[in-house]
Amino acid sequence: MKRWLVALLLLGLSALAQEALKVGVVVSATGPAASLGIPERNTFLMLQEMLDRTGGVAGRKVQFVILDDASDTTQAVRNTRRLVEEGVVAIVGTTTTPASLGMIPVVAEAKVPMISLAASKDIIHPVDAQRFWVFKTPQTEELMARAIVADMVARGVKTVAYIGFNDAYGEGWARFFEAEARAKGLQVVASERYARTDTSVTGQVLRIIARKPDAVLVGASGTPAVLPQRTLKERGYAGLLYQTHGVANPDFLRVGGKDVEGTLLPAGPILVAEQLPGTFPSKRVALDYIQRYEAKYGIGSYSTFGAHAWDAWLILKPALERALKRADPSKDLAAFRSALRDEIEATRNLVATHGVFTFSREDHLGLRFEDAAVMVRIEGGRWKLERTFR
C-alpha cells in the first residue's frame, strides 16, 4: 500500500515538473487591424504545431494561449489581466500601438515580461520602471522615418505633407517624421489626422493638395491606410506617395489595387527577402520563415507582421532555455518571470527575419538601422526592392 502511494506521489510530481510553459499571446485578429493581427496569430498557430511535434523547449511543453483583442485597447488590457491570472511566463503582443501602450502598466505591476508586436518607440522608451518589463520586435517609427527622409532627400524632395491616424501610432509617426524632415532641410507644409474607422478624408486631402507638397507620407497601418492615398489620387495629386511599414502585407495590395501602385515605403528586409544580396544578414532566416508560412497558408500569404511574431519567438525560445537553468516556474513563477526578463535583455547578435537583435539595459528594441530597414516600391502589385542602407 505504501509503495502504491509513493508511486502515485512520484507520478504526480513528475506530471507537475512537466507542466506546460504557458506563453500568452494577444493579437488583433479582428477589427481594423485584422490584416496585421491575422498573420501574427497564424504564426503562433504554426509554431504550436511545430513545438508539439518537437517536444517544446528544454524538454518542457509550450502552450500558446492566444487571445483576440478585436483591435480594441480595453479588450487588450482585459486579455492581459486574464493571461497574468492564468500563470503565463511571458506575454507577446499586441498588434497595435495604443493597445500595447495600454498593456504596459498591467505587465509591469504583475512583473511579467512582454514582447510587443507594435511599432511605436514609446512602447520601449525610455526604459523606466514599467518599460523595464517590455521589449518589442517591429522597427520604430523613428528608425523608419530616417529611411523615408533619406529616400526623399535622394529624390530631390523639398516640401512634404503628412496625414496619419489620430492615435498614438499616427502621432508618433508625425513627431519623428516631421523632426527628421526638418533636420534634413525639408519643409513640412501640412500635417493632418483621421480616425482608423473614417470613411472620408476629403477635407484633409484638399488642404494638403492646396499646399502643393512634393511628397506626402501616410502615417497609418493596415487596410485603413488606403483611404488617404486613394483620395489623393482621385483628387489629382501627382507627387510622390509614401506609406509606413505598417502596410507591408498582402491585404494592403489587394484593397489598394491600382491606387497604391508606385507607393514608396520602408520595410523590414523580409518583405523582399529573395531580392536581397546574399550577404544580407537576415536573408537566410527570412527565407526559412517564408517557406514555412507559405507551406501552411499558401503562396504569397506571408507578411512582415507574421514575421514580427516569429522574431518574438526566436528571441523568447533561447531566453526560456537559459531561464529554466535559473528558476523553476512550477515552484516559483515570480522568480522565473524575473529570470526570463533578464535573459531576454541578455539577447545578443540574434539574427532574425527583420534584422539582428542586441538588447541592453537602455535599448529594448536592439535593431541596427542598416540591418533592419530597406526601401520598397509597389510595382505591378508586388513589392520591389529600391535600396538598402548597408
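About the cut-offs
- Here the residue index of a chain counts from 1 through its sequence in written order.
- Where totals are concerned, whole chains, interfaces and linings use all residues; where local detail is concerned, this predicted model gives features only for residues with pLDDT of at least 70, and gives and counts side-chain atom pairs only at 80 or more.
- Side-chain numbers here rest on the full set of heavy atoms in the structure, without hydrogens or water.
- Starting at the N terminus, helices and strands are each numbered in turn, a helix being any DSSP run of H or I of at least four residues and a strand any DSSP run of E of at least two.
- The globule rule used here is 2.2 Å times the number of residues to the 0.38 power, and the radius of gyration it is set against is calculated over C-alpha atoms.
- The classification of residues rests on relative accessible area computed with a 1.4 Å probe and restricted to protein chains. Under 20% of the type maximum is buried, over 50% is exposed, and intermediate values are partly exposed.
- By the convention used here, residues are in contact when the closest approach between their heavy atoms is within 4.5 Å.
- Asp and Glu are treated as the negative residues and Lys and Arg as the positive ones, with His and the ends of the chain left uncounted.
- A single reference atom marks each charge: NZ on Lys, CZ on Arg, CG on Asp, CD on Glu.
- The salt bridge criterion pairs a side-chain nitrogen of Lys or Arg with a carboxyl oxygen of Asp or Glu, the two atoms within 4 Å.
- Think of it this way: DSSP has to see at least two bridges between two strands before they count as a pair.
- With a 1 Å grid laid over protein atoms only, a set of points is called a cavity when a 1.4 Å probe fits there but cannot get out and a pocket when it is open yet has protein on both sides within 12 Å along at least five of seven lines; lining residues have an atom within 4 Å of a point.
- Grid points are joined across faces, edges and corners, and a volume is the space filled by probe spheres set on the points.
- When residues are sorted by character, Ala, Val, Leu, Ile, Met, Phe, Trp, Tyr, Cys and Pro go into the nonpolar class, Asp, Glu, Lys and Arg into the charged class, and all the rest, Gly among them, into the polar class.
- Buried residues of nine kinds, namely Ala, Val, Leu, Ile, Met, Phe, Trp, Tyr and Cys, make up a nonpolar core once their side-chain atoms join them within 4.5 Å.
- Axis definition: a line fitted to C-alpha atoms, over the contacting stretch in the case of helices. Angles run 0 to 180 degrees between N-to-C directions.
- N or O atoms within 3.5 Å of each other form a polar contact, as long as, within protein, one can give a hydrogen and the other can take it, and as long as residues adjacent in sequence are counted only when both atoms are side-chain atoms.

A. Representation of the overall build of the protein within the structure. Across its full length, the protein carries 13 helices and 14 strands. For 390 residues, the compact-globule formula gives about 21 Å, and the C-alpha radius of gyration of the protein, at 22 Å, lands near that figure. The principal-axis extents of the C-alpha atoms in the protein amount to approximately 90 × 40 × 35 Å. Scored against the burial criterion, the 390 residues of the protein give a buried share of 56%. Excluding contacts between residues fewer than 6 apart, the proportion of contacts in the protein whose partners are at least 24 apart in sequence is 68%. Distance from the positive charge centre (49 side chains) to the negative charge centre (42 side chains) of the protein: 2 Å.

B. Structural view of the side chain of Asp311. Structurally, the position occupied by Asp311 is in helix α11 (residues 304–324). For the buried Asp311, no salt bridge is present, and the opposite-charge side chain at shortest range is Lys136, 11 Å distant. Setting aside residues no more than four positions away along its own chain, Asp311 makes contact with Thr137, Ala352, Thr353, His354 and Phe357.

C. Representation of the pairing of strand β13 (residues 374–379) in the model. Judged from the 4 bridges that link them, strand β10 (residues 264–267) and β13 form a sheet pairing that is antiparallel. Of the residues in β13, the one forming a bridge with Leu264 is Arg377. Examined bridge by bridge, β13 and strand β14 (residues 382–388) share 6 bridges and lie antiparallel to one another. Paired with Glu379 across the strands is Arg382, a residue of β14.

D. Molecular detail of the environment of Asn349. Tracing the sequence through the fold places Asn349 in the loop between α12 (333–345) and β11 (350–351). Overall, the relative accessible area of 56% leaves Asn349 in the exposed class. Measuring from C-alpha to C-alpha, the distance between Asn349 and Lys61 comes to 26 Å, with 288 residues separating the pair along the chain.

E. Local environment of the layout of surface pockets. By volume, the largest pocket is sized at about 520 Å³. Considering the residues around the largest pocket, the lining is formed by 24 residues, among which Leu271, Gly300, Tyr302, Arg382 and Trp383 are closest to the centre. Looking at the lining of the largest pocket, the elements that each hand over two or more residues are α9 (250–256), α10 (283–297) and β14. The element that contributes the greatest number of residues to the lining of the largest pocket is α10, accounting for 4 residues. Taken together, the residues that form the lining of the largest pocket break down as 12 nonpolar, 7 polar and 5 charged. Looking at the second largest pocket, it is lined by 13 residues, and the ones nearest its centre are Lys121, Thr140, Glu142, Leu143 and Leu365.

F. Examining the nonpolar core more closely. If you look at the biggest cluster of nonpolar residues, it comprises 125 residues, and the most contacted ones within it are Phe177, Leu316 and Leu340. Those residues in contact with Leu316 that lie beyond four places of it in its chain are Val23, Ala90, Val92, Ile115, Leu340 and Ile344.

G. Highlighting the sheet that holds strand β1 (residues 21–27). Strand order across the open sheet formed by 5 strands is β2-β1-β3-β4-β5, with parallel pairing between neighbours. In this open sheet, the two edge strands, each paired with only one partner strand, are β2 (62–68) and β5 (134–136). Each neighbouring strand pair of the sheet contributes to a mean axis angle of 20°, computed without reference to strand direction. Here 3 bridges tie strand β4 (residues 114–116) to β5, and the two strands are oriented parallel to one another. Bridged to Ser116 within β5 is Lys136.

H. Summary view of the environment of Asp68. Within the secondary structure, Asp68 sits in strand β2. For the pair Asp68 and Pro98, spaced 30 residues apart in sequence, the C-alpha to C-alpha distance is 15 Å. In this structure Asp68 touches Val27, Ser28, Ala29, Thr30, Gln75 and Asn79, once residues within four positions along its chain are discounted. Within the local environment of Asp68, its side chain forms a polar contact with the side chain of Thr30, the two groups lying 2.7 Å apart. Among the polar contacts made by the side chain of Asp68, one reaches the main-chain amide nitrogen of Ala70 at a distance of 2.8 Å.

I. Here's a closer look at empty space enclosed by the protein. Summed over all chains, the structure comprises 1 cavity of 30 Å³ or more. A volume near 120 Å³ is recorded for the largest cavity. Looking at the lining of the largest cavity residue by residue, the classes come out as 7 nonpolar, 7 polar and 1 charged.

J. Spotlight on helix α8 (residues 226–234). Inspection of α8 places Val226, Pro228, Gln229, Thr231 and Leu232 among the buried residues, and these make up the whole buried set. Next to the buried residues of α8 lie β6 (159–165), β7 (187–194), α7 (202–210), β8 (215–219), β9 (240–243) and α9.

K. Here's a closer look at the pattern of salt bridges. Taken as a whole and judged by the stated rule, the model has 28 salt bridges. Arg60 serves as the salt-bridge partner of Asp328, at 3.8 Å between the closest nitrogen and oxygen. Of this pair, Asp328 sits in the loop between α11 and α12 while Arg60 is found in the loop between α2 (34–54) and β2, placing the two residues 268 residues apart along the sequence. Relative accessible area serves as the criterion here: at 26%, Asp328 is assigned to the partly exposed category. For Arg60, a relative accessible area of 9% puts it in the buried group. Salt bridges linked by common partners bring Arg322, Arg326, Arg341, Asp342, Glu343 and Glu345 together as one network.

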